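# Chain and residue survey
Here is how the chains run, residue by residue.
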Amino acid sequence: MADDEQLGGAVLAALSRVIDPEIRRPVTELDMIRGVDVQPGGTVRVDLQLTITGCPAADTIERDVRAAAGSVDGVTAVDVDVSVMSPATRAALTDRLRAGRPRGVQFTPDSLTRVVAVTSGKGGVGKSTVAANLAVALAARGQRVGIVDVDVHGFSIPGLMGLTDEHGVAPRPTRVDSMILPPVAHDVKVVSIGMFVDDVSTAVSWRGPMLHRTVSQFLTDVFFGDLDVLLLDLPPGTGDVAISVGQLLPHAEVLVVTTPQAAAADVAERSGIVARQTGQRVIGVVENMAGLVQPDGSVLHLFGEGGGDETAARLSRGQDAPVPVLGRVPLSVPLREGGDSGVPVVLGAPDDHAAVALTAIAERLTTMGRGLAGRKLGLSVG
Ligand SMILES: Nc1ncnc2c1ncn2[C@@H]1O[C@H](COP(=O)(O)OP(=O)(O)OP(=O)(O)O)[C@@H](O)[C@H]1O
């Protein structure tokens, strides 16, 4: 009897190392293990409850549970009895995952998550590529990172992160009641408008209120867990999404991506100004497509020079602290290839010039510290 109890305890301890691949918590913490029964001869029966019927991670979880229980000394066979949680158990779980917070935007000014919105004046300057690479570079440094792709005009983040299938279709996230579980790629939790629309033209036709609802739902219902950094890939320009994000996340920091073309500085400046009008702080400019390094080491400035400096100078006007250029990312074939194959260049070709520049920008972001805009400081004046 005592031996059975001991064995049962050892099996539970082993099961606590099985992580739900979507929620990213041990199954034992998620009420998914309803019982462990040790039978004569060392056979163990595990009562496993999945969150929902048709859970896409079911096979993985069952396999991992079986392997973990089977790895315990003294266990001769494992039976896994799979069922699905009752609505009440599921509701209790989603409540617990929300940590008792009332339903609402998770990233309030008081939350410990740093929110960085990546924007640009116009399309095609590499904003999504920069955002995806920064997310992955930050995750590789051990940060807990999420990325929200609300670029209605081109939701490219799932593809850049390697989440799309051979037809370019992004996965539909699993839902547990109102909670949306974001797919994870390269250690980054990813949610994108592209995961919720059937064809690309749908979202482009959305108007302000629908866009606002979608952004708000992402920030409310997606289960990100505790994050160190949340990145947002905004549409280029100064449209409805930028305004919604400004209203929902007034404490967000804003990164402006631009090209070396000085002529583009005024549109880039405008996207930064809209952010500032909603209380957000522009923390820096990234100049992308900044020259092409030739085999002989010389640099060909295909798109001219000075756009990053010009944008930063304009955004600095009237500010206490100047807005810095956080880095210049050169034109790079491996960067473009990494985008096409879903392995961001910072991981796939870390020695490439563009990868080195992007990694340095991620590094700079982490060492810059977080702005205090909108945060309660907990100080009292005596
Ligand atoms: N430094 C670079 N070197 C080479 N190609 C690049 C570079 N940066 C971006 N690209 C390529 O440029 C194209 C546009 O990039 P991306 O989709 O990231 O731009 P974007 O600004 O997010 O565009 P939009 O907002 O319109 O979706 C992609 O094919 C990408 O691979």
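Being a predicted model, the structure only gives us computed values, none of them experimental.

### A word on the site of the ligand
Around the ligand sit 17 residues in total, of which K127, S128, T129, N288 and S332 are the nearest. Summarising the interface, the protein chains cover 78% of the accessible area of the ligand, which totals 630 Å² for the free molecule. No other element matches the 3 residues that helix α4 (residues 127-140) contributes to the shell around the ligand. Considering only residue class, the shell around the ligand consists of 6 nonpolar, 8 polar and 3 charged.

### Let's talk about the sheet that holds strand β2 (residues 43-50)
Strand-to-strand pairing in sheets goes through backbone hydrogen bonds, with the strands running parallel or antiparallel. Strand order across the open sheet formed by 3 strands is β1-β2-β3, with mixed pairing between neighbours. Because the sheet does not close on itself, it has two edges, and the strands there are β1 (33-39) and β3 (77-84). Neighbouring strand axes in the sheet, compared pairwise and without regard to direction, differ in orientation by 15° on average. Sheet analysis places β1 next to β2, joined by 6 bridges and oriented antiparallel. When the sheet's bridge partners are listed, D37 is paired in β2 with R45.

### Side note on the domain arrangement of the protein chain
Domain parsing of the protein chain yields domain 1 (2-97) and domain 2 (114-368). One C-alpha centre belongs to domain 1, the other to domain 2; they are set 38 Å apart. Tallying the contact residues gives 12 residues for domain 1 and 12 residues for domain 2. Taken together, both faces of the contact between domain 1 and domain 2 bury some 1,100 Å²; the carbon and sulfur share is 62%. The largest contributions to the domain 1 side of the interface with domain 2 come from E22, R24 and T94, which together make up 45% of the buried area. Linking domain 1 with domain 2 are 2 salt bridges, by the criterion used here. Across the pair R24 and D187 runs a salt bridge whose closest N-O atoms are separated by 3.4 Å. Taken together, the connections running from domain 1 to domain 2 amount to 3 residue pairs in polar contact (both at pLDDT 80 or more). Here the side of domain 1 that touches domain 2 is composed, by residue class, of 6 nonpolar, 2 polar and 4 charged.

### Let's talk about the pattern of salt bridges
Under the criterion given, the structure shown has 18 salt bridges. For E310, the salt bridge goes to R314, with nearest N and O atoms at 2.8 Å. You can see E310 and its partner R314 sitting in helix α10 (residues 307-316), 4 residues apart, about one turn around the helix. Residues participating in the shared-partner salt-bridge network are R114, E253 and R281.

### So, a nonpolar patch on the surface
On the surface, L300, L302 and F303 cluster together into a nonpolar patch covering about 260 Å² of accessible area. By the element assignment, L302 lies in the loop between β13 (299-300) and α10. On the basis of relative accessible area, L302 is assigned to the exposed category, the value being 52%.

Rules used throughout
- Position numbers for residues count from 1 along each chain, tracking the sequence in the order it is written.
- Reporting of local features is limited, given that this is a predicted model, to residues whose pLDDT is at least 70; pairs of side-chain atoms are given and counted only at 80 or more, and all residues count toward the totals for whole chains, interfaces and linings.
- Computation of side-chain values covers all heavy atoms of the structure but excludes hydrogens and water.
- We call a residue near a molecule or strand whenever a single non-hydrogen atom of that residue lies within 4 Å of it.
- Each accessible area value is a Shrake-Rupley result obtained with a 1.4 Å probe; residue values ignore everything except the protein chains displayed when judging cover.
- Think of it this way: any DSSP run of H or I at least four residues long counts as a helix, any run of E at least two long counts as a strand, and we number them from the N terminus.
- Gly is placed with the polar residues, together with every amino acid not listed as nonpolar (Ala, Val, Leu, Ile, Met, Phe, Trp, Tyr, Cys and Pro) or charged (Asp, Glu, Lys and Arg).
- Only strands that DSSP links by at least two bridges are regarded as paired with each other.
- The axes used here are C-alpha line fits, helices contributing only the stretch in contact, and every angle between their N-to-C directions lies in the interval 0 to 180 degrees.
- An automatic or database domain assignment supplies the start and end points of every domain.
- Residues count as neighbours in contact if any of their non-hydrogen atoms are within 4.5 Å of one another.
- When two components associate, each loses some accessible surface as probed by a 1.4 Å sphere; the sum of these losses over both components is called the buried area.
- When a carboxyl oxygen of Asp or Glu lies within 4 Å of a side-chain nitrogen of Lys or Arg, that pair is called a salt bridge.
- Whenever two N or O atoms come within 3.5 Å, that pair is a polar contact, provided that in protein one can donate a hydrogen and the other can accept it, and provided that, for residues adjacent in sequence, both atoms are side-chain atoms.
- Surface patches are drawn from residues lacking salt bridges whose relative accessible area is over 30%; two like charges belong together within 9 Å, two nonpolar side chains (Val, Leu, Ile, Met, Phe, Trp, Tyr) within 5 Å.
- Note on classification: 1.4 Å probe, protein chains only; a residue is buried when its accessible area is under 20% of the maximum for its type, exposed when over 50%, partly exposed between these limits.

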